[in-house]
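What the coordinates show
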Amino acid sequence: MDNDNLSNFIHDIIDADLKSNKYNSKINTRFPPEPNGFLHIGHAKSICLNFGIAEKFQGHCNLRFDDTNPLKESDEYVQSIISDIKWLGFNIQDNILYASDYFEQFYEYALILIKNRKAYVDDQSAELIKINRGTLNKPGENSPNRDRSVEENIMLFENMKAGKYGDGEKVLRAKINMNAPNLNLRDPIMYRIIHTSHHRTDNKWCIYPMYDWAHGLEDSIEKITHSICTLEFEDHRPLYDWYLSQLDIHHPQQIEFARLDLSYTVMSKRKLKELIDNNYVDGWDDPRMPTISGFKRRGYSPESIKIFCNKIGVAKRDSIIDYALLEYCVREDLNKKALRVMAVLNPIKLIIDNYPDDKVEELSAENNPENELDGTRVLPFSKELWIERSDFMEDAPKKYFRLSIGKEVRLKHAYYITCTEVVKNDAGEVIAVHCTYDPKSKGGWTNDGRKVRGTLHWVSTQHAIDAEVRLYDRLFNVENPLNSKKINNFTDAINSSSLSILKNCKLEPSLSNINLDVHYQFLRMGYFYVDSNSTKDKLIFNRTSTLRDSWKKT
């Protein structure tokens, strides 16, 4: 992605800061995921933005895990996030950090606020704290513990750290203003007690910082200059600023931008996990999921995702981006790099009556018309072939240009053929198509220049290899499953046709030596990619995308 050609309001802010030497001409950003699930396409936008800024302004970007809630986090998610970011092409080898690395420093900062009478230990339950916080139209009520002495608060906080209280028995709260118009400033909770093993610190800690408390401290410790967040954190910015100002430490600038919402899917990790837990999908990397690992397994290229993030830009207002734009970016990228091959997904046998029984020809076929360096391959051609069942119609309408009785078509890279008769089973279904070929039309052309409008792909029956092909479509039938009047629950909008599995597909023999990193275009059928569960004995291909947008027609 060429960052020199990108511009947005965040870049304008950074340009102004560089001109004023606000941060000594150094730009540091960070991508701070919580390891409580796999990354989705919305995270990809943030990754491209933060790492892209570091690249554009010759700065530095950290991958920092916000691992402050041991109840929901695991090393599995940590490793998946690292893998996804590397797959997208960003260098994070020396830039992987963890909030848990700073737990001791967070604790010391909390003691400073207590000593400055800016924090106190509260005994109220979480439910009561929520009630007493008030509403937008009603001021909050002070906790009866708000005016505890510094000495008592330090003792209680140390006891919290020492594990002397149960979960939820006490919290540490900032002492700000219970009448503040911004509810986030009404004595927010800084620490809660959780007696659960942490995936990195084990059982060393039983008090864990809330995100709003940890967020600014992490940025400050790492000397981040621009803390870039999505719009839902805009109302939290005054609290971010308050903590850093009270401690008088390095103070980054928080900037908010609109998150990515994509049509025909959901982005909430909680909703995505619900889909997994209730077996609507097969896991975080199910190719129908909007996760980076799901897109990778489906066959999206990292370049296509970065092109998409480039095209949608960075805005200050939330909006829903059409899924078709993402698919367009995928097609545009794969058209340049995908190797062309022939695969018959719903086969019917074609027999060339005037072709020699034992003859096998080796025909040359280009691998990629968009790139001559991809070379050519050899295709075996014989008397009996597989063609698509949909490419034959017994009683064809006038404008049907594929195969029917008496009609001539071209076999890709091979010959002209003319259908002469069909064979049917007892149920009246066509099970074989007979034809003749023109030996003078090799390569798909003749000297007489006659026009043949239909071109079919094919596979030699004696050389074909078997494969399973999975046709994926959009997971939901409505544009916004979380905000649709047509349904009661977002799962009611699940597309029952989002996955079709074809078992008896016939592929050209070049695909027997499959490359797991290669993208393929099955001629006339779409873009395909080898599934991660594929084996030599059982080839599985996932459809990445159709060749054109077929959703609007549906």
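Bear in mind the structure is a predicted one, so any value in this text is a computation, not a measurement. In this convention, every chain numbers its residues from 1, walking through the sequence in written order. Per-residue local features of the predicted model are confined to residues with pLDDT of at least 70, and side-chain atom pairs are confined, for both listing and counting, to 80 or more; whole-chain, interface and lining totals are unaffected and use all residues. Hydrogen atoms and water are omitted, and side-chain values are computed over all heavy atoms in the structure.

1. Describing the side chain of D122
This is how the line gets drawn: Strands here are runs of E lasting at least two residues and helices are runs of H or I lasting at least four, both read from the DSSP assignment and numbered beginning at the N terminus. Polar contact criterion, stated in full: a pair of N or O atoms within 3.5 Å, where within protein one must be able to donate a hydrogen and the other to accept it, and residues adjacent in sequence count only if both atoms are side-chain atoms.
Along the chain, the position of D122 falls in strand β4 (residues 119-122). A distance of 2.8 Å separates a polar atom in the side chain of D122 from a polar atom in the side chain of Q124. Here R173 takes part through its side chain, which lies 2.8 Å from a polar atom of the side chain of D122.

2. Focus: the pattern of salt bridges
Side-chain pairs of opposite charge can arise where the charged atoms are in close proximity. Counted only if it meets this: When a carboxyl oxygen of Asp or Glu lies within 4 Å of a side-chain nitrogen of Lys or Arg, that pair is called a salt bridge.
The tally for this structure, following the rule as stated, stands at 36 salt bridges. D123 is the partner of R148 in a salt bridge, and the nearest nitrogen-oxygen pair spans 2.5 Å. Note that R148 is positioned in the loop between α5 (126-132) and α6 (150-161) and D123 in the loop between β4 and α5, a separation of 25 residues in sequence. Ionic contacts of the salt-bridge type, sharing partners, join the residues D285, R297, E468, R470, K503, D531 and K538 into one network.

3. Focus: the sheet that holds strand β5 (residues 171-174)
We apply this condition: Note: two strands are recorded as paired if DSSP finds a minimum of 2 bridges between them. Angles here are taken between N-to-C directions and fall from 0 to 180 degrees, while the axes themselves are lines fitted to C-alpha atoms, restricted in helices to the stretch in contact. It only takes one pair of heavy atoms within 4.5 Å for two residues to be counted as in contact.
Across the sheet, 4 strands lie side by side as β4-β5-β6-β7; this open sheet has antiparallel pairing. Edge positions in the sheet fall to β4 and β7 (207-209), since each has one partner strand and no second. Neighbour to neighbour, the strand axes of the sheet diverge by 20 degrees on average, direction disregarded. For β4 and β5, the ladder comprises 4 bridges, and the chain directions are antiparallel. The residue bridging D122 from the neighbouring strand is V171, located in β5. Docked against the sheet, helix α4 (residues 103-115) engages β4, β5, β6 (189-193) and β7, running at close to 120 degrees with respect to β6.

4. Brief notes about helix α12 (residues 323-337)
The condition is simple: Expected helix span is taken as 1.5 Å per residue step, with the number of steps being one fewer than the number of residues. Relative accessibility under 20% of the residue-type maximum defines a buried residue, over 50% an exposed one, and the middle range a partly exposed one, all with a 1.4 Å probe and only protein chains included.
In this model α12 runs 22 Å from its N-terminal to its C-terminal C-alpha over 15 residues, within 8% of the 21 Å that 1.5 Å per residue would give. Listed in full, the buried residues belonging to α12 are Y323, A324, L326, E327, C329, V330, R331, D333 and L334. Its side-chain oxygen placed 2.9 Å from the backbone nitrogen of A324, D322 serves as the N-cap of α12.

5. Structural notes on empty space enclosed by the protein
Note the following rule: Cavities and pockets are found on a 1 Å grid laid over the protein atoms alone: a cavity is a set of points where a 1.4 Å probe fits but cannot escape, a pocket is an open set with protein on both sides within 12 Å along at least five of seven lines, and a lining residue has an atom within 4 Å of such a point. Grid points are joined across faces, edges and corners, and a volume is the space filled by probe spheres set on the points. Polarity classes work like this: nonpolar for Ala, Val, Leu, Ile, Met, Phe, Trp, Tyr, Cys and Pro, charged for Asp, Glu, Lys and Arg, and polar for all others, with Gly in that last group.
Throughout the structure, instances matching the rule amount to 3 cavities of 30 Å³ or more. Of the volumes computed, that of the largest cavity is approximately 50 Å³. What lines the largest cavity is Y264, T265, R288, M289, P290, F295, R298, Y323, D473, R474 and L475. The computed volume of the second largest cavity comes to approximately 40 Å³. Lining the second largest cavity, in full, are D212, H215, F233, H236, L239, Y240 and Q254. Going through the elements one at a time, α7 (211-221) and α8 (237-247) are the ones with two or more residues in the lining of the second largest cavity. When its residues are assigned to classes, the lining of the second largest cavity shows 3 nonpolar, 3 polar and 1 charged.

6. Notes on the packing of aromatic side chains
Quick reminder of the rule: Only Phe, Tyr and Trp rings are paired, with Trp represented by its six-membered ring, and only when their centres lie within 6.5 Å; those with planes under 30 degrees apart are stacked, over 60 edge-to-face, the remainder tilted. The criterion is that NZ of a Lys, or CZ of an Arg, lies within 6 Å of the ring centre and within 35 degrees of the ring normal, and then a charge sits over that ring.
A complete count under the given rule lists 25 aromatic pairs for this structure. A ring pair is formed by Y77 and W284, whose centres lie 6.1 Å apart and whose planes are at 80 degrees; its orientation type is edge-to-face. Taken together, the residues Y77 in helix α3 (residues 75-88) and W284 in the loop between α9 (269-277) and α10 (292-298) connect sequence positions 207 residues apart. The same class applies to Y77 and to W284, which are both buried. Plain terms: the ring middles of F103 and F106 are 6.3 Å apart, the flat faces sit at 50 degrees to each other, and that makes the pair tilted. A residue pair is termed a helical-turn pair when its members lie 3 or 4 positions apart in one helix, as F103 and F106 do in helix α4 at 3 residues. In terms of burial, F103 and F106 fall into one category: buried. It is K161 that lies over the ring of Y107; its NZ or CZ is 5.2 Å from the centre. The ring of F401 carries the charged tip of R453 above its face, separated from the ring centre by 4.0 Å.

7. Topic: the pairing of strand β15 (residues 361-366)
Burial of the side chains of β15 is restricted to one face: E361, L363 and A365 are buried, whereas none of E362, S364 and E366 on the reverse face is. Pairing analysis gives 6 bridges linking β15 to strand β16 (residues 376-381), with the strands arranged antiparallel. Paired with A365 across the strands is R377, a residue of β16.

8. A short note on the packing of helix α11 (residues 302-312) against α12
For the record, the criterion: Convention used here: angles under 35 degrees read as roughly parallel, angles over 145 as roughly antiparallel, angles from 65 to 115 as roughly perpendicular, and any remaining angle as oblique. Should the near helix be turned counterclockwise from the far one by less than a right angle, the crossing is left-handed, whereas a clockwise turn marks it as right-handed.
Where α11 contacts α12, the two axes come as close as 8 Å, and the packing angle between them is 135 degrees. In terms of orientation, α11 and α12 fall into the oblique class. Two packed elements cross with a definite hand, and for α11 against α12 that hand is right-handed. From α11, E303, S304, I307, F308, K311 and I312 reach across to α12, where they touch L325, L326, Y328, C329, V330, D333 and K337.

These values are about where atoms sit, not about what they do.
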